Each structure stands twice: as C-alpha cells, then as structure tokens.
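These are the residues of each chain, in order.
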Amino acid sequence: MFHLYDVRFSAEAAIPTIEFIRAQCNACRGIFRASERPLLENIAGGGAILTCPACSRRQAISGARFVEFAARFPMGNAEGSNPLATPVPGEGA
Ligand SMILES: [Zn+2]
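Residues numbered from 1 in each chain as written. Predicted model: local features only at pLDDT ≥ 70, side-chain atom pairs only at ≥ 80, totals over all residues.

J.: Just checking my understanding: could you explain the pairing of strand β2 (residues 17-25) for this structure?
T.: Taken together, the 8 bridges between strand β1 (residues 2-10) and β2 define a ladder with antiparallel strand orientation. Paired with Phe-2 across the two strands is Cys-25, which belongs to β2. Inspection of the sheet shows β2 paired to strand β3 (residues 31-34) by 4 bridges, in the antiparallel sense. Bridging from a neighbouring strand, Ile-21 pairs with Ala-34 of β3. The antiparallel hairpin formed by β2 and β3 contains 5 residues in its connecting segment, where Arg-29 sits at a positive phi of about 70 degrees. (Pairing = 2+ DSSP bridges. Helix = DSSP H or I, 4+ residues; strand = E, 2+ residues; numbered from the N terminus.)

J.: Would you mind showing me how to read the pairing of strand β6 (residues 58-61) here?
T.: The side chains of a regular strand alternate between both faces of the sheet. Judged from the 4 bridges that link them, strand β5 (residues 48-51) and β6 form a sheet pairing that is antiparallel. Note on β6: the bridge partner recorded for Ala-48 is Ile-61.

J.: In this structure, what is going on with the environment of Phe-66? I would like to understand it.
T.: Topologically, Phe-66 is positioned in helix α1 (residues 63-72). On a C-alpha basis, the gap between Phe-66 and Phe-9 in space is 9.0 Å, while along the polypeptide they are 57 residues apart. For Phe-66, the contacting residues outside a window of four places in its chain are Val-7, Pro-16, Ile-18, Gly-47 and Ile-61. (Contact = placed C-beta atoms within 7 Å.)

J.: What am I meant to see in the confidence of the model for the protein here?
T.: A low pLDDT means the predicted coordinates there should not be read in detail. In this model, the protein carries a mean pLDDT of 81, and residues with pLDDT of at least 70 account for 75%. Taken element by element, the protein is modelled with least confidence in α1, mean pLDDT 80, and with most confidence in β3, mean pLDDT 97. Predicted confidence for residues 80-86 stays below pLDDT 50, and this span has 10 contacts to residues more than four positions away or in other chains. (pLDDT = per-residue confidence, 0-100.)

J.: Got a minute to help me understand unusual backbone geometry in this structure?
T.: As a rule of thumb, non-glycine residues mostly have phi less than zero, and peptide bonds are mostly trans rather than cis. The step from Arg-37 to Pro-38 runs through a cis peptide bond, and the omega angle for that step is 5 degrees. Unusually for a residue other than glycine, Arg-29 sits at a positive phi of about 70 degrees. Looking at where Arg-29 falls in the secondary structure, it is placed in the loop between β2 and β3. Note on Arg-29: 10 C-beta atoms within 10 Å, which makes it exposed. Even without being glycine, Ser-56 reaches a positive phi, approximately 65 degrees. Examined against the element boundaries, Ser-56 turns out to sit in the loop between β5 and β6. (Buried ≥ 20, exposed ≤ 12 C-beta atoms within 10 Å, placed from the backbone.)

Below you can see the structure in the form of structure tokens.
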C-alpha cells in the first residue's frame, strides 16, 4: 500500500493521466517520486501502477482514488505549482 502525497495530472484528457506522483511505501517506509516507467505506469482507462524503487513492491492505484485525490487537491498538490491547472477566479475549488 502506498500513501500518496502529491499527484500531478495531465489536464488535457477526459480521463486524467498521471504525470507525477510523490508517495510513501508502507512496506519499507521509503518516500519516492515517480514520473515515468518503470516506477509509474498509467493504466488505460484510469489509474496507474506504482513501483517502489527501494523494495520493488508494486501496487495498482485505482482511477477512482486519483479522482478522489483530485477532488481534494484540484491543482494536483498542496503547493499549487501546476501551470496546467491554474484555477479560474470565481469557479471555486
Ligand atoms: Zn518500498
């Protein structure tokens, strides 16, 4: 099981594509960043497979979990540094 810290989405597709993830591996407690294979593998139709670089544990994260994360952090992360997801004033979030 991975604990997700930051998830950055591509804002272009209807089904969000994950571009970047920062997560902690609950098996070895390592914190890592994943932005490309083999650490991060997007699944067609939503979701992705994460691989811990330290202990090689793999887990699929469902698209629903990413959507839930996106709902909580519309800009992909708490730092708000995603230029693709600049909020429009007056539209809330
Ligand atoms: Zn690990």
